[in-house]
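Each chain, written out:
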Amino acid sequence: LPGIEPKGVEVSVENGVLTLKGSREFEKATEGETYHRVERAYGSFERSFSLPTNVDRDRIDATFKNGVLAITLPKTEKAKKETKKIPIKG
């Protein structure tokens, strides 16, 4: 999310759906003679993702650093214990 401040982003979980919301301010720069022009997309955005049932919704964590939003979705303890190794034949 380059160009967006952390306070301009909202992460929420409701009924098994993770939602990201935010907005980007309009940016336009124009220079003379050698001409340097910058235009960026702006406005609000929203993305929603259905979470698998084995995600521990109480331990979801989000960090924002240098324009990168990282969301950690840890598995429930039950899901970790249910892992079964499958032997490979042949």
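Higher on the page you've got the structure.
The present account deals with the structure reproduced in this document. (Residues numbered from 1 in each chain as written. Predicted model: local features only at pLDDT ≥ 70, side-chain atom pairs only at ≥ 80, totals over all residues. Heavy atoms only, no water.)

Let us now look at the overall build of the protein chain. Along the backbone of the protein chain there are one helix and seven strands. Buried positions account for 16% of the 90 residues belonging to the protein chain. Accessible area of the protein chain: about 7,700 Å², with a carbon and sulfur share of 49%. (Helix = DSSP H or I, 4+ residues; strand = E, 2+ residues; numbered from the N terminus. Buried < 20%, exposed > 50% of the residue type's maximum accessible area, 1.4 Å probe, protein only. Areas by Shrake-Rupley, 256 points an atom, 1.4 Å probe, with all protein chains shown as cover.)

On to the sheet that holds strand 1 (residues 9-14). Overall, antiparallel pairing links the three strands, which are arranged 1-2-5 in an open sheet. Of all the strands in the sheet, the pair left with one neighbour each is strand 1 and strand 5 (43-50). Neighbour to neighbour, the strand axes of the sheet diverge by 15° on average, direction disregarded. Looking at chain direction, strand 2 (residues 17-24) and strand 5 are connected through eight bridges and run antiparallel. Opposite Arg24, over in strand 5, you have Gly43 as the bridge partner. (Pairing = 2+ DSSP bridges. Axes fitted to C-alpha atoms, helices over the stretch in contact; angles between N-to-C directions.)

If you walk through the whole model with that rule in mind, you get two salt bridges. Connected via shared salt-bridge partners are Asp56, Arg59 and Glu77. (Salt bridge = Lys/Arg side-chain N within 4 Å of Asp/Glu carboxyl O.)

With respect to the helices, strands and loops of the structure, Thr19 is situated in strand 2. The class of Thr19 is buried, set by a relative accessible area of 11%. A polar contact is formed between the side chain of Thr19 and the side chain of Ser48, at a distance of 3.4 Å. Contacts of Thr19, omitting those with residues within four sequence positions, involve Glu10, Val11, Ser12, Glu46, Arg47 and Ser48. (Polar contact = N/O pair within 3.5 Å; in protein donor to acceptor, adjacent residues only side chain to side chain. Contact = heavy atoms within 4.5 Å.)

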